[in-house]
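# Examination of the molecular architecture
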Amino acid sequence: MALLEVRNLGISFGGLRAVDSLDMKIDKGQLYGLIGPNGAGKTTVFNLLTGVYHPNEGIIQLDGENMVGKKTVEINKAGIARTFQNIRLFKNMTVRDNVKVGLHNEYSYGLFSGILRLPAYHKVEKQMDERAMDLLEVFGLDGEADNMAANLPYGKQRKLEIARALATGPKLLLLDEPAAGMNPNETDELMKMIQFVREKFDMTILLIEHDMKLVAGICEELTVLNFGTVLAQGKTSEVLNDPKVITAYLGE
Ligand SMILES: Nc1ncnc2c1ncn2[C@@H]1O[C@H](COP(=O)(O)OP(=O)(O)OP(=O)(O)O)[C@@H](O)[C@H]1O
Ligand SMILES: [Mg+2]
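In this report, the structure presented in the accompanying data block is examined. (Residues numbered from 1 in each chain as written. Chains lettered and ligands numbered in written order. Predicted model: local features only at pLDDT ≥ 70, side-chain atom pairs only at ≥ 80, totals over all residues. Heavy atoms only, no water.)

This part covers the sheet that holds strand 7 (residues 172-176). One open sheet holds the six strands; their spatial order is 6-7-8-3-9-10, and the pairing between them is mixed. Each edge of the open sheet carries a strand with a single partner, namely strand 6 (80-82) and strand 10 (229-235). When strand polarity is set aside, the average angle formed by the axes of neighbouring strands in this sheet is 15 degrees. With four bridges joining them, strand 3 (residues 31-35) and strand 9 (residues 221-226) adopt parallel strand pairing. Looking at strand 9, one finds that isoleucine 35 is bridged to valine 224. Running over the sheet, helix 6 (residues 154-167) touches strand 6 and strand 7 and is turned about 160 degrees from strand 7. Packing against the sheet, helix 7 (residues 184-200) makes contact with strand 3, strand 7 and strand 8 (204-209), and its axis sits at approximately 160 degrees to strand 8. (Pairing = 2+ DSSP bridges. Helix = DSSP H or I, 4+ residues; strand = E, 2+ residues; numbered from the N terminus. Axes fitted to C-alpha atoms, helices over the stretch in contact; angles between N-to-C directions. Contact = heavy atoms within 4.5 Å.)

This is the structure:
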């Protein structure tokens, strides 16, 4: 069974068909690319998968469980985490605390322990600190743990977003143009990091990019969207050689 199965998914905004008849299956452990030019509907797919928008029609299943109609927070608890195209961090919190926010899916000490700072609170806080540091280390951010998120350079903020999403313990990680605004060296490093995260956490990742060349090297399967519809789909090598893709997309 696929980890994520999407069938006949669609949404319109007024007269605009932003996503139309989308079918997509992602197996556990896959690194899957969702690509397409500006306005193709990529972010809208993420918004549908995470309950920000509710589809006009279609099915979304995670591990066989229906996600349609659920709230964003319920979907996150069910196992879908995301990063945003425009960075959304808690800028006035430390780097460590940004990750700890994500960890609250897994750890809890109850309201009273939290308010009264009972021993249970301190024990859980310590566990969360350790987990947060482990995650920050993966992204080379452990040295920044006590800095304010707002003071991190842009590339590191992007990495922190991924660390925070991972902290929620997802089954499926959605990354919306994580390399946007990065220079070629940073982009290269980030792509390697994404591959590392996939292996270390046995993570399933759906990666949005508009630059096809970027994802071609690391994703084994792709869906190419254009004006909300699927232009091509399947193994990366086949999609890249698809004449429709070459004409409509690579020919830009
Ligand atoms: N809430 C909304 N209301 C109206 N139109 C919307 C809304 N959200 C998205 N759209 C429209 O849907 C289309 C797809 O937008 P979307 O943001 O999904 O594209 P994208 O593929 O992520 O593009 P980009 O590469 O620029 O990020 C666009 O025409 C956009 O203007
Ligand atoms: Mg987008």
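That shown, we press on.
Taken across its eight residues, helix 1 (residues 42-49) has seven buried, putting it largely inside the fold. Here helix 1 has its buried residues at Lys42, Thr44, Val45, Phe46, Asn47, Leu48 and Leu49. (Buried < 20%, exposed > 50% of the residue type's maximum accessible area, 1.4 Å probe, protein only.)

This part is about the coordination of the magnesium ion (ligand 2). Bound to the magnesium ion (ligand 2) are the protein donor atoms Thr43 (OG1) and Gln85 (OE1), situated 2.0 to 2.2 Å from the metal. You can see threonine 43 sitting in helix 1 and its partner glutamine 85 sitting in the loop between strand 6 and helix 3 (95-103), a full 42 residues away along the chain. (Donors = N, O, S within 2.8 Å, 3.2 Å for Na, K, Ca; no water.)

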